[in-house]
Amino acid sequence: MTVPATIRAFIFDLDGVITDTAELQYRSWQRLADEEGLPFTRQDNEALRSVPRRESLRRLLKGKVVDEDTAQAWMKRKNDYYLALLDSDPPEMLPGIGELLAEASAAGIKRAVASASRNAFIVLQKLNALDMFDVIADASSVVHSKPAPDLLLWTAGRLNVSPQSAVVFEDAEAGVQAALVGGFRVIGIGNAGVDQAHIVLPNTEGLRLEALLERLNRL
Ligand code: MG
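Please read these numbers as outputs of a predicted model, since none were measured by experiment.

Student: Could you clarify how one ought to interpret the overall build of the chain in this entry?
Tutor: Helix and strand counts for the chain stand at nine helices and six strands. Computed over C-alpha atoms, the radius of gyration of the chain comes to 17 Å, within 12% of the 17 Å expected from 2.2 N^0.38 for 219 residues, which places it in the range of a compact globule. Expressed as lengths along the three principal axes of its C-alpha atoms, the size of the chain is roughly 55 × 35 × 30 Å. In the chain, buried positions account for 51% of the 219 residues.

Now the structure itself:
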């Protein structure tokens, strides 16, 4: 298979693209919201995809004001719920991702994770996937996370590729925005918020390198 010279790297979001921890993130926020009497629905949660922890809490509060100690305590509690779910309900790779990673590796395309999650390393460890990537960027890599492009630009820098030669895979509006602002090509996966992406796929199933490169070449 010939890889176009212009495509040198794939950068994957974690929650919602490599694995379905987006569901565990949702259940953790829902538990906190229920305990604190905050109105929160699965639909509200769609706006939290790829949004960093602090901003997620701000959106969950919907204008309600809490002091800093309370905010910190609630974020810690939510994270404890999330970590417990990671233990009781260990994540698995979403269909098609393992195959795509193997094909990309064989074709000489570099692979990275760029996740807004501070738990990215733990999740990748649970997936036995740490060594499948050349670079792993998480919330501690940059000050401004998605929708700022910084995390993706930092990742491209570590991979030593230009944004124009890297393809970002994202399930969230914040991540698609980050990729577009950064000058990357972006593939949106499955969610209504990703319609600005260059290519939109309903899910990760059937993600195969050859078909993907063919579509990317036509952009
Ligand atoms: Mg995501």
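Student: How do you make sense of unusual backbone geometry when you look at a structure like this?
Tutor: Leave glycine aside and you will find that most residues have negative phi; peptide bonds, for their part, are mostly trans. With an omega dihedral of 15°, the bond running from Lys146 to Pro147 counts as a cis peptide bond. By secondary structure assignment, the location of Pro147 is in the loop between β3 (135-137) and α7 (150-159). If you check the backbone angles, Ser50 has positive phi at about 65° while not being a glycine. Within the element layout of this structure, Ser50 appears in the loop between α2 (42-46) and α3 (53-61). Despite not being glycine, Asn160 shows a phi value in the positive range, around 65°. With respect to the helices, strands and loops of the structure, Asn160 is situated in the loop between α7 and β4 (166-170). For Asn160, a relative accessible area of 59% gives the class exposed.

Student: What am I meant to see in the coordination of the magnesium ion here?
Tutor: For a metal with four tetrahedral donors the ideal donor-metal-donor angle is 109.5 degrees, whereas six octahedral donors ideally subtend 90 or 180 degrees. At the metal site, the magnesium ion is ligated by Asp13 (OD), Asp15 (O) and Asp171 (OD), and these contacts range over 2.1 to 2.2 Å. Sequence spacing of the donor residues for the magnesium ion, all on one chain, is D-x1-D-x155-D. Of the two residues, Asp13 is situated in the loop between β1 (9-12) and α1 (21-35) and Asp171 in the loop between β4 and α8 (173-182); the sequence distance between them amounts to 158 residues. Across this residue pair, the class does not change: Asp13 and Asp171 are buried.

Student: Would you explain the environment of Leu153 in this entry?
Tutor: Along the chain, Leu153 falls in helix α7. Taking the C-alpha atoms as reference points, Leu153 and Arg118, separated by 35 residues in sequence, lie 18 Å from one another. Residues in contact with Leu153, not counting those within four places in the same chain, are Pro163, Gly182 and Phe184.

The rules behind these values
- Residues numbered from 1 in each chain as written.
- Predicted model: local features only at pLDDT ≥ 70, side-chain atom pairs only at ≥ 80, totals over all residues.
- Heavy atoms only, no water.
- Helix = DSSP H or I, 4+ residues; strand = E, 2+ residues; numbered from the N terminus.
- Rg over C-alpha atoms; globule rule 2.2 N^0.38 Å.
- Buried < 20%, exposed > 50% of the residue type's maximum accessible area, 1.4 Å probe, protein only.
- Donors = N, O, S within 2.8 Å, 3.2 Å for Na, K, Ca; no water.
- Contact = heavy atoms within 4.5 Å.

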